[in-house]
Amino acid sequence: KLVPKEFNVGKAFNYVKSTIIPKIDFDNFFGVKGIEVTRAEADDIIMILISRMKHKNNVNIGTDHDYIQVLDNARKFDLVGKEVSAERISSKITKDEIHTPQNYLKVKCIMWDKSDGMPSIRKGVGPKTAYKMFKNTELLKEALIDPMAAKRYQSNIDLIDCQNVPKDIQREII
């Protein structure tokens with residue numbers, strides 16, 4: 001194991017943020033500007049910045065597939081350097097559907113996403129069931145009769161869709 005069980009990630013993160021990062025001159029040393037917006041996650045900041053760019057020469061490197069939303073303004077690469085397309089990401093769960101960011105996000109909001117801390121709308125809903133609900137809106141409507149499922153679904157939409165980042169936070173980012 002790389003990280004022992006007793007390792008406290010929260011304490012480590014706070015130490016790095018409060019002690020190490022302030023000592024690094026990112027702008028002069030790396031030529032990188034740092035942005036910190038208290039109530040925003042890093043992916044929200046990145047997606048808002050990319051979506052506002054006037055040119056198409058943006059590159060995003062990372063594992064978060066939520067960036068599929070801004071692929072019209074950026075190229076995305078995974079951590080091994082392989083280019084990631086909307087079709088490549090969405091084909092994993094939307095099968096024969098037209099592979100668009102919107103379709104991918106709809107299915108993702110029905111099923112879980114551990115990386116975003118999103119629960120599925122109800123127990124037992126994984127990629128296959130989520131895809132069936134996406135294809136058959138009656139199944140989805142039936143599932144959303146349960147108030148908890150409806151709440152989770154809306155919460156997932158609010159969490160994932162970069163257009164749902166509150167306007168005051170968007171202004172702070174830009």
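Going by the structure above, here's the rest.
Residues numbered from 1 in each chain as written. Predicted model: local features only at pLDDT ≥ 70, side-chain atom pairs only at ≥ 80, totals over all residues. Heavy atoms only, no water.

(A) Here's a closer look at the overall build of the chain. On a plain count of helices and strands, the chain comes out with 9 helices and 3 strands. Mapped in sequence order, the helices and strands of the chain form the string α-α-α-β-β-β-α-α-α-α-α-α. By sequence separation, contacts in the chain at least 24 residues apart represent 40% of the contacts at least 6 residues apart. Of the roughly 11,800 Å² of accessible surface on the chain, a fraction of 57% belongs to carbon and sulfur atoms. (Helix = DSSP H or I, 4+ residues; strand = E, 2+ residues; numbered from the N terminus. Contact = heavy atoms within 4.5 Å. Areas by Shrake-Rupley, 256 points an atom, 1.4 Å probe, with all protein chains shown as cover.)

(B) Spatial organisation of the nonpolar core. Judged by nonpolar contacts, the single largest core of 20 residues is most densely connected at Ile110, Ile121, Val125, Ala130, Met133, Leu140 and Tyr153. Within the residue set of this core, elements represented by two or more residues are α5 (101–110), α6 (127–135), α7 (137–143) and α8 (147–160). The element that contributes the greatest number of residues to this core is α5, accounting for 5 residues. If we skip the residues at most four places from it in the chain, Ala130 touches Val107, Ile110, Met111 and Val125. Among the nonpolar cores identified, the runner-up in size contains 7 residues, and Ala40, Ile45, Val165 and Ile169 belong to it. (Core = buried A, V, L, I, M, F, W, Y, C linked by side-chain atoms within 4.5 Å. Buried < 20%, exposed > 50% of the residue type's maximum accessible area, 1.4 Å probe, protein only.)

(C) Just the pattern of salt bridges, in detail. Throughout the structure, instances matching the rule amount to 3 salt bridges. Between Asp168 and Arg39 there is a salt bridge, with the nearest N and O atoms lying 2.3 Å from each other. Of this pair, Asp168 sits in helix α9 (residues 167–173) while Arg39 is found in the loop between α2 (26–30) and α3 (42–52), placing the two residues 129 residues apart along the sequence. The class for Asp168 is partly exposed, based on a relative accessible area of 36%. (Salt bridge = Lys/Arg side-chain N within 4 Å of Asp/Glu carboxyl O.)

In short, the description is geometric, and any link to function would need to be established separately.
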